[in-house]
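# Analysis of the macromolecular model
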Amino acid sequence: MIRLSKKPLEGIRVIDSSYVFAGPYATGLLGDLGAEVIKVEGPTRPDFTRGGAFSGLLPENEPKDDPWNRMSAYNLVNRGKKSLVLDLTRKEGRDVFVDLLKKSDVLVENFTPRVMRGWGLDYPNLKKLNPGIIMVSNTGYGRGGPYSAYPAQATTQEATHGLAAVTGYAGGEPSKAGQSYVDFLAAWTICMAAMIGLRYRRRFGSGLWADIGMYQLGCYNVSEFVMDNIANGAKGERIGNRHRQYAPQGTYRCAGKDAWCALSVRDDDEWRALAGVIGKPELASDSRYATEAARRTNHDAIDALITQWTSNLSKIEAMERLQQAGVPAGAVLDGRDLHFNPQLKERGLIEKVAFPPERDMGPARPLIGRPWNFSKIPLSIKGPAPAYGQHNAEVLRDVLGYDEARIAALRAEKLVVDGKPVKPREFPMMSMDKRVEIGRLAYWEPDYREKLGIL
């Protein structure tokens, strides 16, 4: 088999002028594919993942002298990039930005529509500067419609696009599905849009604009409920881990602390298999449970019977016994389980990335790679996330061709800032035990470095 020595996006320059998760994660993946990614942040507006609620944890929970370079979320999604700190609120800074865009292939941005329009850098103007550029705009509601000017974030959009209305337990309150769920839908969409744009340019000779509305992504994700309402007038309801058709379905407590196994019975054959594996084959012919309708009516009773069986087994053992009997089942894995998961290890999802000694980040750290592999293209994370402003001089000199006098002038005017944000974000400093106490973490293990092999 022939394997290519080059990555598919080598020679492509991507400007990442986005914040938090969706855009930065997408451009991190584009970097894994070989693109040169330059992350642009403001002197007074560093990325939210450099501190605050979105930032995750510090290595060994130690801030040292530059906590804004050490936060886990920042280092995960911004791996392999270059960092340029540039004040886009001033015209002189935007002039530098324009020079950079003229020499780039893709721009990813997530400002509200008024910002790029006010700067004269919306797509109609941008394509005059660089006809071949692909602009990917990721906003809450897209560049049209009555909501377009609204700022948005994934954590609240789960409510507005309807997912929260159908997530939660019967009779309970609407609930979030997870951490910034729509951000990750948007990240994969941004990747797809950028590569479609590059393909379009290769075929037709000009760039294009991808206008992504995260609200639409969220609505698409609940499309079955929208269609059910249109066709049947159904409002949709919260049913916890149950299913509107399959019964029984749910998550069942297993032996151990906070240990669970999920299962789903889709037909009478699988019900007979479940009845047998839990040691109660007579349930298969019991009139209370013999049909789908009967099982849905008596779901609570079935749940109690299943829990009697699962509570004496580990979640892995319960999963394996059910699967061997032909019952769809899966253990509920947490972060620790996933770090040591043999499937993910074999697939190479978790990669170790080394930091240069001057970053004082300790040994190589495990980062999440990509959810796909190519048979003929070797892929890997190209390197660690950059320190704040680490590549200012390199980008200004080598990419834009500025001389030392101009670079010095930009620094003197604080249009370009090295090393430390003018307004660093707050850092959530507290002990690991305190994080567990207040619910920020479920647990932590003092010997995690030994277990992960990052000594």
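Remember, predicted model here, so these are calculated numbers, not experimental data. (Residues numbered from 1 in each chain as written. Predicted model: local features only at pLDDT ≥ 70, side-chain atom pairs only at ≥ 80, totals over all residues. Heavy atoms only, no water.)

Here we come to the packing of aromatic side chains. In total, this model carries 13 aromatic pairs according to the counting rule given. Between the aromatic rings of Tyr 141 and Tyr 215, the centroid separation amounts to 5.0 Å while the plane-to-plane angle is 55 degrees, which identifies the pairing as tilted. Taken together, the positions of Tyr 141 in the loop between strand 5 (134-139) and helix 6 (154-160) and Tyr 215 in helix 8 (residues 214-221) put the pair 74 residues apart, joining distant regions of the chain. Three or more aromatic residues joined by ring pairs form one cluster here, namely Tyr 141, Tyr 147, Tyr 150 and Tyr 215. (Phe/Tyr/Trp six-rings, centres within 6.5 Å; stacked < 30°, edge-to-face > 60°. Helix = DSSP H or I, 4+ residues; strand = E, 2+ residues; numbered from the N terminus.)

Where strand 7 (residues 249-253) meets strand 8 (residues 260-264), five bridges bridge the pair, whose relative direction is antiparallel. For Gly 250, the partnering residue across the bridge sits in strand 8 and is Leu 263. Taking the residues between adjacent antiparallel strands as the criterion, strand 7 and strand 8 are bridged by six residues, where Gly 256 takes a positive phi near 110 degrees. The sheet contact formed by strand 8 and strand 9 (residues 329-331) spans three bridges and is antiparallel. Considered in strand 9, the bridge of Cys 261 is made with Ala 331. (Pairing = 2+ DSSP bridges.)

Right, let's talk about the sheet that holds strand 9 for a bit. Two strands in a sheet stick together by hydrogen bonds in their backbones, pointing the same way (parallel) or opposite ways (antiparallel). The three strands lie next to each other as 7-8-9, forming an open sheet whose pairing is antiparallel. The sheet is open, and its two edges are formed by strand 7 and strand 9, each paired on a single side. Strand-to-strand twist across the sheet, computed as the mean angle between neighbouring axes with direction ignored, equals 20 degrees. Against the sheet, helix 12 (residues 299-310) touches strand 7 and strand 8, its axis set at about 40 degrees to strand 7. Strand contacts of helix 13 (residues 315-325): strand 8 and strand 9, with the helix running at about 165 degrees to strand 9, the strand carrying the most contacts. (Axes fitted to C-alpha atoms, helices over the stretch in contact; angles between N-to-C directions. Contact = heavy atoms within 4.5 Å.)

Turning our attention to the sheet that holds strand 2 (residues 36-41). Ordered in space as 3-2-1-4-5-6, the six strands form an open sheet in which the pairing is parallel. Single-partner strands in this sheet number two, and they are strand 3 (82-85) and strand 6 (209-213). The average angle at which neighbouring strand axes cross in this sheet is 15 degrees, direction not considered. In this structure, strand 1 (residues 13-17) lies alongside strand 2, joined through four bridges in parallel fashion. Following the sheet pairing, Asp 16 is matched in strand 2 by Lys 39. Contacts between helix 16 (residues 392-399) and the sheet are confined to strand 1, strand 2 and strand 3, with strand 3 contributing the most and set at about 90 degrees to the helix.

Moving on: the pattern of salt bridges. Pairing between side chains of opposite charge can happen when the charged atoms of each approach one another. In the structure shown here, the tally under the stated rule is 37 salt bridges. Here Arg 411 ties to Asp 418 by a salt bridge, and the two come within 2.7 Å at their closest N and O atoms. Classification of Arg 411 as partly exposed rests on a relative accessible area of 33%. In this structure, a network of salt bridges that share partners links the residues Arg 13, Glu 36, Lys 82 and Glu 394. (Salt bridge = Lys/Arg side-chain N within 4 Å of Asp/Glu carboxyl O. Buried < 20%, exposed > 50% of the residue type's maximum accessible area, 1.4 Å probe, protein only.)

Where helix 16 meets helix 17 (residues 404-412), the closest approach of the two axes is 10 Å, and the angle between their N-to-C directions is 140 degrees. With respect to their mutual orientation, helix 16 and helix 17 come out oblique. Crossing hand, helix 16 versus helix 17: right-handed. Residues Asn 392, Ala 393, Leu 396 and Arg 397 of helix 16 form the contact with helix 17, whose own contacting residues are Glu 404, Ile 407, Leu 410 and Arg 411. For the contact of helix 16 with helix 17, the per-class residue count stands at four nonpolar, one polar and three charged. (Parallel < 35°, antiparallel > 145°, perpendicular 65-115°, else oblique. Left-handed = near helix turned anticlockwise from the far one by under 90°. Nonpolar A, V, L, I, M, F, W, Y, C, P; charged D, E, K, R; others polar.)

Take the environment of Arg 266 next. Considering the arrangement of structural elements, one finds Arg 266 in the loop between strand 8 and helix 10 (268-277). Contact partners of Arg 266, with chain neighbours within four places excluded, come to Tyr 246 and Pro 328. Side chain to side chain, Arg 266 and Glu 270 meet in a polar contact 2.4 Å long. (Polar contact = N/O pair within 3.5 Å; in protein donor to acceptor, adjacent residues only side chain to side chain.)

For the rest of this paragraph, the subject is the nonpolar core. Grouped together as the largest cluster of nonpolar side chains are 37 residues, with contacts concentrated most on Val 14, Leu 30, Val 106 and Val 136. At the level of elements, helix 1 (22-32), helix 2 (72-77), strand 4 (106-109), strand 5, helix 7 (181-204), strand 6 and helix 8 are the ones that each hand at least two residues to this core. Look past the residues within four positions of Val 106 in its chain and what remains in contact with it is Ile 12, Arg 13, Val 14, Ile 15, Ile 133, Ile 134, Val 136, Ala 194 and Leu 198. Listed in part, the 29 residues of the second largest apolar core include Leu 88, Tyr 123, Leu 400 and Leu 415. (Core = buried A, V, L, I, M, F, W, Y, C linked by side-chain atoms within 4.5 Å.)

Let us look at the environment of Tyr 123. Within the secondary structure, Tyr 123 is located in helix 5 (residues 123-129). Under the relative-accessibility criterion, Tyr 123 is labelled buried at 11%. Considered as a pair, Tyr 123 and Asp 16 are 107 residues apart in the sequence and their alpha carbons are 16 Å apart. If near-sequence neighbours (up to four positions away) are discounted, Tyr 123 is found in contact with Ile 133, Met 135, Gly 207, Leu 208 and Trp 209. Of note is the side chain of Tyr 123, whose polar atom sits 3.3 Å from the backbone oxygen of Gly 207.

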